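What follows is the residue order along each chain.
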There are 2 protein chains.
Amino acid sequence: MTTLTGKNSIAGNWSAEGTQTFTSVDPRTRQPGKVQFHNATASEIDRAVSAAAEAFRQTRHYPASRLADFLDTAAAEIEKLRDELIEMADYETALGSTRLTGELTRTTNQLKAFGNLLREGSYVEAIIDTALPDRQPLPRPDIRRMLIPIGPVAVFSASNFPFAFATAGGDTASAFAAGCPVIVKGHPGHPATTELFTAALNNAINISGFPAGFFSMVQGDSVEVGQTLVKHPLLEAVGFTGSLRGGRAIYDTAAQRPRPIPVYAEMGSINPVVIMPGSVEARGDALIDALAASATLGAGQYCTNPGLVLMLDSPDTDKFIQRYTEAMTAREPQVMLNAAIESGLARTVEQTVRSGGVDLLAGGETVTGGGFCYAHTVMKADSAAFRSNPQLHHEHFGPVTLFVTCASLDDMRLTLESIEGQLTGTIHGEDDEIEDARPLLQALTERVGRLIWNGVPTGVEVSHAQQHGGPYPATTAPWSTSVGMMAIKRFMRPVAYQNIPPALLPDALKNENPLNILRIVNSEYTREPIKP
Amino acid sequence: MTTLTGKNSIAGNWSAEGTQTFTSVDPRTRQPGKVQFHNATASEIDRAVSAAAEAFRQTRHYPASRLADFLDTAAAEIEKLRDELIEMADYETALGSTRLTGELTRTTNQLKAFGNLLREGSYVEAIIDTALPDRQPLPRPDIRRMLIPIGPVAVFSASNFPFAFATAGGDTASAFAAGCPVIVKGHPGHPATTELFTAALNNAINISGFPAGFFSMVQGDSVEVGQTLVKHPLLEAVGFTGSLRGGRAIYDTAAQRPRPIPVYAEMGSINPVVIMPGSVEARGDALIDALAASATLGAGQYCTNPGLVLMLDSPDTDKFIQRYTEAMTAREPQVMLNAAIESGLARTVEQTVRSGGVDLLAGGETVTGGGFCYAHTVMKADSAAFRSNPQLHHEHFGPVTLFVTCASLDDMRLTLESIEGQLTGTIHGEDDEIEDARPLLQALTERVGRLIWNGVPTGVEVSHAQQHGGPYPATTAPWSTSVGMMAIKRFMRPVAYQNIPPALLPDALKNENPLNILRIVNSEYTREPIKP
């Protein structure tokens, strides 16, 4: 087993200058661990970002193939620690080895998938308009445009995905793929897991001959660590996965900098699910099983957890909700990540129940006597109550489902139109309900990042076409995704080269097209070289 | 001639509820015009944005071809007013009919160019990953992703481009092309020109059968009008071209909304120009002519005005600067746009001269006795003074050139590295200086949106490959461009469709590829249909 240091990693060097420390907490026993982790100091954070800026002077010139090889090496170094990582993360998060095994595979596959994107190479969006020296009234210059990396990126780890949205998760992988150095702010819920990943990434950097400043990791259980990092003048962007409150605080800090920088914060969602009456009739029981499984997956601690279910008011719906409530109650409550999530959920559900117009059908209380745990909870309101009560629109981060009954499909559409930005929106319907569902799908389209038909929102495929994002408050950057190959675009920006001599052009923009990438040349998509 | 109303246009209806008014001012005589223009009230602004949101329910479904036809119609309606527009804009801005004639052609060509982009259709970035039902351990769902329009956009007109960056300029054209309704905040410097464009756009909307709320225009010479617009809850994004102070105020307001929205503010730049010693020797006189012409074009009121020139300290450079100063003095100063720009320039130059370490070689004073006018101004500092004095990094918006002499090429690189984000960076060099210039080009690449070799930064081609943007403070959104075809992306966001029935899929994502667009299908770029 790796011996934990409890230190921060500043450009490859372990460092613990600070005196404030914290420990892991075993969610199953609520007992603190033995290793003291040191909050990073302002000086350590400054060294980390400065080293990242210095490293960027080199890495910004690295060809995509070299970055791709690095990502493969990082994946391999992580795989070497697979058993240790799963054991440690299970101790720190209680997510269970089955889930964590899958998540680790997803994490290393994600690194390798970005490598493949880089080797194909067209992600730089090369666009070339060649000169038209004889154009009247003025000649057209030669203009060539491509995406370049933006520079040092801060990544805030999520608590609920200690692998896939954490130290070497999607934000880090996509920033590395872009050629950007990363400073990870480890989540205080799993500092030991963070340190193990850090060791793997530092190994990959050494093996690859990358500058040590390409990656740093700072620990911290205080707001100050994150704030100091976001305020650093040499930082260029922030990736964040977590709560609305935390994400908004970071967004505000970044917006108030003398030089504002973009914040790509994914802040969760209530993920509305519409169930059309035909599906209740055709496959109600299967739907109850699937939905309850999705709502309780990982103790409901998913940003894509289906927290809101809209159905037409009817006796069949009443029976469906009753059976769903029984199914939720029958499932064993799972241990949650930490004390803050447990108490936050208890507080939010209590506020919701007290806010009026909502019936508590099951749960609504902390499960005492063991680890952090909250009872599977089902609530119900009618559409009028939902539309008039903002509290019912809040995310209940955990195994909580709110049913909203609607008088008609039109009432359901109006109810959907009252909802804020969401990561996902789902409709369950039968083939003969497709046209009825069209206006509902449309209402969802206007406020979500991903639409799902006859599925559950949990389970976010890492692929080219994935869109994990959405209008605020789902994210602070609706034009971007934090999952899938397009996530790389967050950490790049376009530059145009006007009449630049061939010797000074990047390979992606050279006439010969040495990278054989797809380009837009004089408005045509082509991989052909340009004849001078 | 069109009879001016002095009113706002709210979803096609002229409206003047407010009591605060302002007039055009003839920059050549400093005399106010006769027509009173009414500041929009909060109620008018609310009606405009609400109508835009209502219109968007229809326009978001319009096929690209219909939007393209509308853009062509808008261009044609504007062309019908060509002579009147040029006459009116010349009266309000004193930019001269030659410049305005070219700018109007650019403006209508820009609308038509977006139409061509829409007809080609691939701009929606369709990406399709088809289902893998047999994949282990879990099947892959069918996921299809494309860009959709975001909704109502506010566009703040610039003073210095009354056509190309104003009512029907690049921001409006790209938002319309995306399918987004637009509310233009007219610049108070040219309200009559704004009203003429508004009439043309309203005609185009009527002819095309678009909902009237697709376009509104609000006038205003107060900060309140813009602030009220940016705060409107139904607004989705802002396009702005203007000063750093104005752009930052709008950015801050948008960031502080309960629901923040993106602000695409282009705020100007000092546009560094490097002149290598070989070019001084090889073509010094031609360079002086070209540079002085660029620096004084439109009275220097270009966001791409070359305000900073870096040269190696030498007797040849001294002679070059002396001849450049003579050339600037010999050129007739031109009338500037308005009193605020004239007084702002006088104040900034005075602060710069007073800040120390800089020699005033020519100009530095208002030209009195006629219109708004400022003398062609040349200043000089050494690199040490420039690097240590932040005032020398400020934009002097007008016909002002600051020379900075450097001790060596390395000193020049360090000096470039001290500069903030810029729209453009230019190098003049001879063929045998390309390798010497490489580190300088690299330093510029890290801080500009467009690199230019042996040219001038003024003159921004509207093409696919154009990038008019750059790191803050050049813009608030370095990942975007406000000129060229890619400007459309600012007003779109991605949505993923997971297992959505074919009948509910947009055309761009259907198996048959009825739009014949280029798509990424299972990681391959192709226009081929998908075989089910």
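Sequence order as written defines the numbering, with residues in each chain counted from 1. Chains and ligands are labelled sequentially in the order written, the chains with letters from A and the ligands with numbers from 1. Only residues with pLDDT of 70 or above have their local features reported here, since the model is predicted, and side-chain atom pairs are shown and tallied only from 80 upward, although totals for entire chains, interfaces and linings are computed over all residues. Computation of side-chain values covers all heavy atoms of the structure but excludes hydrogens and water.

### Points about the sheet that holds strand 8 (residues 143-149) of chain B
One key point about sheets: their strands pair by backbone hydrogen bonds, in either a parallel or an antiparallel sense. Two strands qualify as a pair provided that DSSP identifies no fewer than 2 bridges between them. Going along the chain from the N terminus, every DSSP run of H or I of four or more residues is numbered as a helix, and every run of E of two or more is numbered as a strand. Ordered in space as 16(A)-17(A)-18(A)-15(A)-14(A)-19(A)-20(A)-21(B)-8(B)-7(B)-22(B)-23(B), the twelve strands form an open sheet in which the pairing is mixed. Bordering the open sheet on either side are strand 16 (358-362) of chain A together with strand 23 (524-526) of chain B, each of which pairs with just one other strand. For this sheet, the mean angle separating the axes of adjacent strands, direction not counted, is 25°. Sheet topology places strand 7 (residues 127-129) of chain B next to strand 8 of chain B; three bridges connect them, and they run antiparallel. Each residue of the ladder has a partner; that of I128(B), found in strand 8 of chain B, is R144(B). The strands touched by helix 9 (residues 277-296) of chain A are strand 14 (272-275), strand 15 (308-312), strand 18 (400-406) and strand 19 (422-428) of chain A; relative to strand 14 of chain A, the strand with the most contacts, the crossing angle is about 155°. Only the stretch in contact is used when fitting a helix axis, every axis being a line fitted to C-alpha atoms; angles between N-to-C directions are given from 0 to 180 degrees. It only takes one pair of heavy atoms within 4.5 Å for two residues to be counted as in contact.

### Points about the relation of the copies chain B and chain A
Overlaid copies result from least-squares superposition on C-alpha atoms, with residues included only where pLDDT is at least 70 in both. Between the two copies, chain B and chain A, the superposition gives an RMSD of 0.0 Å; the rotation angle is 180° and the shift along the axis is 0.0 Å. A rotation of that kind, with that shift, is consistent with a two-fold axis. For chain B, the residue whose C-alpha comes nearest the rotation axis is A255(B), separated from it by 3.3 Å.

### Describing the environment of V25(A)
All names here are of chain A. Its location among the elements puts V25 in strand 4 (residues 25-26). Any residue under 20% of the maximum accessible area for its type is buried, any over 50% is exposed, and the rest in between are partly exposed; the area is computed with a 1.4 Å probe on protein chains only. Take V25: its relative accessible area is 31%, and that puts it in the partly exposed class. In sequence terms V25 and S15 are ten residues apart; their C-alpha atoms lie 22 Å from each other.

### Description of the environment of P211(A)
Residues and elements named next belong to chain A. When you line up the elements, P211 lands in the loop between helix 6 (191-208) and strand 11 (215-218). For the pair P211 and Y123, spaced 88 residues apart in sequence, the C-alpha to C-alpha distance is 24 Å. The residues touching P211, leaving out its near neighbours within four places in the chain, are A55, Q58, T59, Y62 and I205.

### A word on the side chain of T193(B)
In this structure, T193(B) sits in helix 6 (residues 191-208). Beyond its immediate sequence surroundings of up to four residues, T193(B) is in contact with L85(B), M88(B), A89(B), E92(B), P162(B) and F163(B).

### As for the sheet that holds strand 14 (residues 272-275) of chain B
Spatially, 23(A)-22(A)-7(A)-8(A)-21(A)-20(B)-19(B)-14(B)-15(B)-18(B)-17(B)-16(B) is the arrangement adopted by the twelve strands of the open sheet, whose pairing is mixed. Unpaired on one side and paired on the other, strand 23 (524-526) of chain A together with strand 16 (358-362) of chain B mark the two borders of the sheet. Strand-to-strand, the axes of this sheet are offset by a mean angle of 25°, without reference to chain direction. Pairing of strand 14 of chain B with strand 15 (residues 308-312) of chain B, which is carried by four bridges, proceeds in the parallel orientation. Looking across to strand 15 of chain B, one finds that I275(B) is bridged to M311(B).

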